[in-house]
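# Structural overview for review
Next come the chains, spelled out residue by residue.
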Amino acid sequence: MNLASIPSPSTGVIELGPIPLRGYAFCIIIGVFVAVWIGNKRWVARGGKAGTVADIAVWAVPFGLVGGRLYHVITDYQLYFSDGQNWVDAFKIWEGGLGIWGAIAFGAVGAWIGCRRRGIPLPAWADALAPGIAIAQAIGRWGNWFNQELYGKPTDLPWALEISEGPNRVAGTYHPTFLYESLWCIGVALLVIWADRRFKLGHGRAFALYVAAYCAGRGWIEYMRVDEAHHILGLRLNVWTAIIVFVLAVAYIVISAKLRPGREEIVEPDKDAAEAAKKGDDAEAADKDADPLKKDTPEAGADDSDPLKKKGSAAEAADKS
């Protein structure tokens, strides 16, 4: 019998008239706003313009949601396409099910499109957003608490999570893996902020550090979960994914530091100044075209319009000869 435990909400939905307010969706939305807010402050501190992070996030977030859902549906296809299941449920994102691996991969594609449209290097933008993404994940994990999902093995620890009887779950107390990952992500954000200030990380290395640190935690947290998952050589699929992505992130940090040391001096070109300078050059050229005297005005001391000066010059040349 547990003397203390973490209760789960009786429902993850609050009915506001005909509008259902879902806790899972709220956690995702709040996480996105916090990530953009943190990213904007870091971007401005790096010399960028306020609002640029939000403009690019308009591309990155939808791509990330689609990618996260695709990864979940593909890796847990039996939940939607096996006998007795309704494939339409694959589109019910509000019921939970976003794979961070797909969200980051597809979100990066959307961010690349947004950065390209603004003439901004994607690695610099990713570095600014990295801690914010970790905080967004910390907030988003509480959506699993609302849905009573993705918990760990049974336990009687004081911080055990109470799970009620429901579809595909047995009532009891379990490890709150959502809480473990939430706290880990906060630690990852603090680590990236500290390392970025200490070592002046640039060219995508702050983002790579976030990826590596997150994968290190996701590996042991994933190992504790008891929800159904595919296994390869005795390990859950997401554990293998964490290992592979961790190695790639560390390799990127090492190689990037050798090829492109230091940090970007300019993260966002000043288009207004460039356009103003271009307009000034165009106006000057147009002014010269409109005034023939300006176009053909000889240099000072080269006045050939006075015939007396021409005769004087000819006489002088004759004397010298």
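The model shown is predicted, which means the values in this text are computed figures rather than measured ones.

## Regarding the overall build of the protein chain
Scanning the protein chain for helices and strands turns up 12 helices and six strands. When the 321 residues of the protein chain are sorted by exposure, 37% land in the buried category. Excluding contacts between residues fewer than 6 apart, the proportion of contacts in the protein chain whose partners are at least 24 apart in sequence is 71%. Carbon together with sulfur atoms contributes 66% to the accessible area of the protein chain, which is approximately 18,900 Å² in total.

## Concerning helix α2 (residues 52-75)
The end-to-end C-alpha distance of α2 is 34 Å, a good match for the 34 Å that 24 residues give at a rise of 1.5 Å each. Helix geometry: α2 is bent most strongly at Val-58, by close to 35 degrees, with proline Pro-62 lying one to four residues after it.

## Side note on empty space enclosed by the protein
The full count for this structure, using the stated rule, is one cavity of 30 Å³ or more. Empty space within the largest cavity amounts to approximately 40 Å³. Lining the largest cavity are Arg-141, Leu-150, Thr-177, Phe-178, Glu-181, Ile-221 and Arg-225. The element that contributes the greatest number of residues to the lining of the largest cavity is helix α7 (residues 177-199), accounting for three residues.

## Here's the deal with the layout of surface pockets
Computed from the structure, the second largest pocket encloses a volume of approximately 200 Å³. Taken together, Arg-42, Ala-45, Arg-46, Ile-193, Asp-196, Arg-197, Lys-200 and Arg-263 make up the full set of residues lining the second largest pocket. Among the elements of the structure, α1 (23-45) and α7 are those that each provide at least two residues to the lining of the second largest pocket. With three residues, α7 is the single largest residue contributor to the lining of the second largest pocket. Grouping the constituent residues of the lining of the second largest pocket by class yields two nonpolar, no polar and six charged.

## As for the environment of Val-226
By the element assignment, Val-226 lies in the loop between α8 (205-224) and β5 (231-232). Overall, the relative accessible area of 43% leaves Val-226 in the partly exposed class. Sequence-wise, Val-226 and Lys-153 are 73 residues apart; in three dimensions their C-alpha atoms are separated by 5.9 Å. Excluding anything up to four places from it in sequence, Val-226 contacts Tyr-151, Gly-152, Lys-153 and Arg-236.

## Re the side chain of Thr-241
Looking at where Thr-241 falls in the secondary structure, it is placed in helix α9 (residues 237-259). Side-chain polar atoms of Thr-241 contact the side chain of Tyr-71, separated by 3.4 Å. If we ignore the near neighbours within four places in the chain, the residues touching Thr-241 are Tyr-71 and Trp-101.

## Some points on helix α5 (residues 122-140)
Along α5, the largest kink reaches about 45 degrees and is centred on Leu-129; proline Pro-131 follows within four residues of it. In terms of burial, α5 is largely enclosed, as 16 of its 19 residues are buried.

## Observations concerning the packing of aromatic side chains
Ring pairs (aromatic) are described by centroid distance and by the angle formed between their planes. Within this structure, the stated rule accounts for 10 aromatic pairs. Relative to Phe-146, the ring of Trp-145 lies with its centre 5.1 Å away and its plane at 65 degrees, an arrangement referred to as edge-to-face. Take Phe-146: its relative accessible area is 26%, and that puts it in the partly exposed class. Considering the side-chain rings of Trp-194 and Phe-199, the 5.7 Å spacing of their centres and the 90 degrees angle between planes classify their relative orientation as edge-to-face. Judged by its relative accessible area of 48%, Phe-199 is partly exposed. Taken together, Trp-142, Trp-145, Phe-146 and Phe-178 form an aromatic cluster joined through their ring pairs.

Rules used in this analysis
- Residues numbered from 1 in each chain as written.
- Predicted model: local features only at pLDDT ≥ 70, side-chain atom pairs only at ≥ 80, totals over all residues.
- Heavy atoms only, no water.
- Helix = DSSP H or I, 4+ residues; strand = E, 2+ residues; numbered from the N terminus.
- Buried < 20%, exposed > 50% of the residue type's maximum accessible area, 1.4 Å probe, protein only.
- Contact = heavy atoms within 4.5 Å.
- Areas by Shrake-Rupley, 256 points an atom, 1.4 Å probe, with all protein chains shown as cover.
- Expected span 1.5 Å × (residues − 1).
- Bend = angle between axes of the 7 residues up to and from the residue.
- 1 Å grid on protein atoms, 1.4 Å probe; cavity = no way out; pocket = protein on both sides within 12 Å on 5 of 7 lines; lining within 4 Å.
- Points joined across faces, edges and corners; volume = space filled by probe spheres on them.
- Nonpolar A, V, L, I, M, F, W, Y, C, P; charged D, E, K, R; others polar.
- Polar contact = N/O pair within 3.5 Å; in protein donor to acceptor, adjacent residues only side chain to side chain.
- Phe/Tyr/Trp six-rings, centres within 6.5 Å; stacked < 30°, edge-to-face > 60°.

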